[in-house]
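# Summary of the model geometry
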Amino acid sequence: MKAHPIAGDSVIAAMLACMELVSVFAVPGGVNQVVYWLVGIGLLAPLVIRRRDPLLAGYLILASGFAQLITHGPNPGGIDARIRVADIALGMALYTIVAYIGRRQGALYVLWLAIGTVLWAVWRMGLPQGILPTLVIVVIFAFCWVLGEFSGARAAYHREVEQRLALLETERDQQARIAVGQERARIARELHDVVAHAVSVIVVQADGAAYAVRKQPDLAEKAIRTISATGREALTELRRLLGVLRSDDTESDRAPQPGAQSISDLAERVRAIGVPVRLDLTGELDDLPAGVGLGIYRIVQEALTNTIKHAGPGATAAVQVRRVGDRVELDISDCGSGAPRHGLAVGGNGLIGMRERANVFGGTLQAGPQPDGGWRVRAVLPVSAS
């Protein structure tokens, strides 16, 4: 009946019509049978559309009720003064208006019902015989009003629940999309760090090997070995990241990510390609949260990668990682004299990645040229951010 209201209301109207047929042999004297049944149809037929158009159905039923008062004529206590089965439609119309339209229209409808009830009690039933039936009718209409209030409140509650559920589903989908976007951004930063560092090392070593292959074969062989080791390490990290993208199982086996304890190995690889690195690690760095440790490693890696790419020949780098209380301070500088890094200052991908890593953990990062040449990156990351 909720899915097909017209069909359900048609069934109700048909049931009341069948009950009304019982009185076919009791048509009041002096009342035309055609008029009697036309009034009955006028009372019951609008029930078919009562939920699709409550006001139209209600006032059609009300008009038929007043037509009943006029056509049946006064006969105090007689058979024509009795309440017909079809008169139930008046109470159903009141219930429908209160439930589907609201109290304001319901109150106006009650006013018309009150006028009709008083006319019926005084003109057709007569006083004092009409007092008790009038009280019964008032109770019936009051029950229809209360039932309409309850049904309307329940329908409003269900609508609100459905709206909240729809809102929660929308928020859940938005959170999922945000999470996917954040994960993609994280993986993009990881890929950028891995590829940029590995390619920079490979290019520098390949150029050195090309120059030394004839005159210094040992040095060329060392450079080629560095290229091989760097390529294998980059390939391992790329496989790990791509495995995360391909796998739906968050508990699948993954290679351990680098952390602050891996900075020494990173410095050794940079030294191996000909860039001297002075490393200073101070404080307890081994027990840092995994996320903070990875962020520190990637910031140092990106800073040294920029030194390799832009600092020029003869450049040296200094890396200081110091844990002070509940924060870790990073200071990476070089004394390069190569091409200026204006693109980095404006917002290259490397600098953007470093800033984002610092911001993720509630830290800060500053990067820029030094007054006496070279480049410097300073960052502060709180340990408790993760």
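Up top you'll find the structure we're talking about.
The text that follows walks through the structure, step by step, so that each part is easy to find.

Cut-off values and rules
- Residues numbered from 1 in each chain as written.
- Predicted model: local features only at pLDDT ≥ 70, side-chain atom pairs only at ≥ 80, totals over all residues.
- Heavy atoms only, no water.
- Helix = DSSP H or I, 4+ residues; strand = E, 2+ residues; numbered from the N terminus.
- Buried < 20%, exposed > 50% of the residue type's maximum accessible area, 1.4 Å probe, protein only.
- Areas by Shrake-Rupley, 256 points an atom, 1.4 Å probe, with all protein chains shown as cover.
- Pairing = 2+ DSSP bridges.
- Axes fitted to C-alpha atoms, helices over the stretch in contact; angles between N-to-C directions.
- Contact = heavy atoms within 4.5 Å.
- Salt bridge = Lys/Arg side-chain N within 4 Å of Asp/Glu carboxyl O.
- 1 Å grid on protein atoms, 1.4 Å probe; cavity = no way out; pocket = protein on both sides within 12 Å on 5 of 7 lines; lining within 4 Å.
- Points joined across faces, edges and corners; volume = space filled by probe spheres on them.
- Phe/Tyr/Trp six-rings, centres within 6.5 Å; stacked < 30°, edge-to-face > 60°.
- Expected span 1.5 Å × (residues − 1).
- Parallel < 35°, antiparallel > 145°, perpendicular 65-115°, else oblique.
- Left-handed = near helix turned anticlockwise from the far one by under 90°.
- Core = buried A, V, L, I, M, F, W, Y, C linked by side-chain atoms within 4.5 Å.
- Arc of directions from axis to C-beta.

## A few points about the overall build of the protein
Within the protein, the regular secondary structure consists of eleven helices and five strands. Taken across its 386 residues, the protein has 39% of its residues classed as buried. Summing over all exposed atoms, the protein offers an accessible surface of approximately 21,800 Å²; the carbon and sulfur share of this is 62%.

## As for the sheet that holds strand S1 (residues 277-282)
On the basis of which strands lie adjacent, the open sheet formed by five strands has the order S1-S2-S3-S5-S4 and mixed pairing. Every other strand in the sheet has two partners, leaving S1 and strand S4 (364-369) as the edge strands with one partner each. With strand direction ignored, the average angle separating the axes of adjacent strands in the sheet is 5 degrees. As paired elements, strand S3 (residues 327-334) and strand S5 (residues 375-382) share eight bridges and run antiparallel to each other. Within the sheet, the bridge partner assigned to Glu-329 lies in S5 and is Val-380. Across the sheet, helix H8 (residues 263-272) touches S1 and strand S2 (317-324), and the angle it forms with S1 is around 175 degrees.

## Examining the pattern of salt bridges
Enumeration over the complete set of coordinates arrives at ten salt bridges. We note a salt bridge from Arg-51 to Asp-9, for which the minimum N-O separation is 3.2 Å. Of this pair, Arg-51 sits in the loop between helix H2 (33-44) and helix H3 (54-72) while Asp-9 is found in helix H1 (residues 5-21), placing the two residues 42 residues apart along the sequence. A relative accessible area of 1% means that Asp-9 is categorised as buried. With a closest N to O distance of 2.8 Å, Glu-160 and Arg-164 form a salt bridge. Linking Glu-160 with Arg-164, this pair stays in helix H6 (residues 131-212), spanning four residues, or about one helical turn.

## A closer look at empty space enclosed by the protein
Following the criterion strictly, the structure yields two cavities of 30 Å³ or more and no others. Computed from the structure, the largest cavity encloses a volume of approximately 70 Å³. Forming the boundary of the largest cavity are Val-194, His-197, Ala-198, Thr-230, Glu-233, Ala-234, Glu-237, Arg-269 and Gln-301. Elements with a minimum of two residues in the lining of the largest cavity: H6 and helix H7 (217-246). Considered as a void within the structure, the second largest cavity measures approximately 50 Å³ in volume.

## Quick notes on the packing of aromatic side chains
Applying the stated criterion across every chain, the model contains three aromatic pairs. A ring pair is formed by Tyr-36 and Trp-37, whose centres lie 5.4 Å apart and whose planes are at 90 degrees; its orientation type is edge-to-face. Taking the centre distance of 6.4 Å and the plane angle of 90 degrees together, the rings of Phe-66 and Trp-112 count as edge-to-face. Here Phe-66 is found in helix H3, whereas its partner Trp-112 is found in helix H5 (residues 103-125), with 46 residues between them in sequence. Judged by relative accessible area, which is 38%, Trp-112 ranks as partly exposed.

## So, helix H9 (residues 290-310)
In this model H9 runs 30 Å from its N-terminal to its C-terminal C-alpha over 21 residues, within 8% of the 30 Å that 1.5 Å per residue would give. A positive phi of about 90 degrees marks Gly-312, the residue just after H9.

## Overview of the packing of H2 against H3
Axis separation between H2 and H3 bottoms out at 8 Å; the angle between their running directions is 160 degrees. Classed by the angle they form, the pair H2 and H3 counts as roughly antiparallel. Here the hand of the crossing between H2 and H3 comes out left-handed. Counting all contacts with H2, which are made through Val-35, Tyr-36, Val-39, Gly-42 and Leu-43, the residues of H3 involved are Leu-60, Ile-61, Ser-64, Gly-65, Gln-68, Thr-71 and His-72.

## Considering the packing of H1 against H2
Look at H1 against H2: their axes get within 10 Å of each other, and the N-to-C directions meet at 155 degrees. Considering the angle they form, H1 stands roughly antiparallel to H2. In this structure, the crossing between H1 and H2 has a hand that is right-handed. Contacts between H1 and H2 pair Ala-13, Leu-16, Ala-17, Glu-20 and Leu-21 from the former with Tyr-36, Trp-37 and Leu-44 from the latter.

## Side note on the pairing of S3
For a regular strand, side chains alternate in direction, first toward one face of the sheet and then toward the other. Here S3 lies mainly inside the structure; seven of its eight residues are buried. By the bridge criterion, eight bridges tie S2 to S3 in an arrangement that is antiparallel. Its bridge partner lying in S3, Ala-318 is registered against Ser-333. From the end of S2 to the start of S3, which pair antiparallel, there are two residues, and Gly-325 there has a positive phi angle of about 65 degrees.

## A closer look at the nonpolar core
Counting 35 residues, the largest nonpolar core has Ile-296, Ile-299 and Val-321 as its most contacted members. Where this core is concerned, the elements lending two or more residues are H8, H9, S2, S3, helix H11 (349-360) and S5. Excluding anything up to four places from it in sequence, Val-321 contacts Ile-263, Asp-280, Leu-281, Thr-282, Leu-285, Ile-296, Val-300, Val-328, Glu-329 and Leu-330. Counting residues in each nonpolar core, the second largest holds 26 residues, with Leu-62, Leu-90, Met-92 and Ala-121 among its members.

## A few points about H1
An ideal rise of 1.5 Å per residue puts 24 Å on 17 residues; H1 measures up with 24 Å between its terminal C-alpha atoms. The set of residues buried in H1 consists of Gly-8, Asp-9, Ala-13, Leu-16 and Glu-20. Viewed along the axis of H1, the buried residues span an arc of 135 degrees, placing them on a single side of the element. Away from its buried face, by an angle of more than 90 degrees, H1 presents the exposed residues Met-15 and Cys-18. Those residues of H1 that are buried lie in contact with H2 and helix H4 (88-100).

Note that all results are geometric; they support no functional claim without further evidence.
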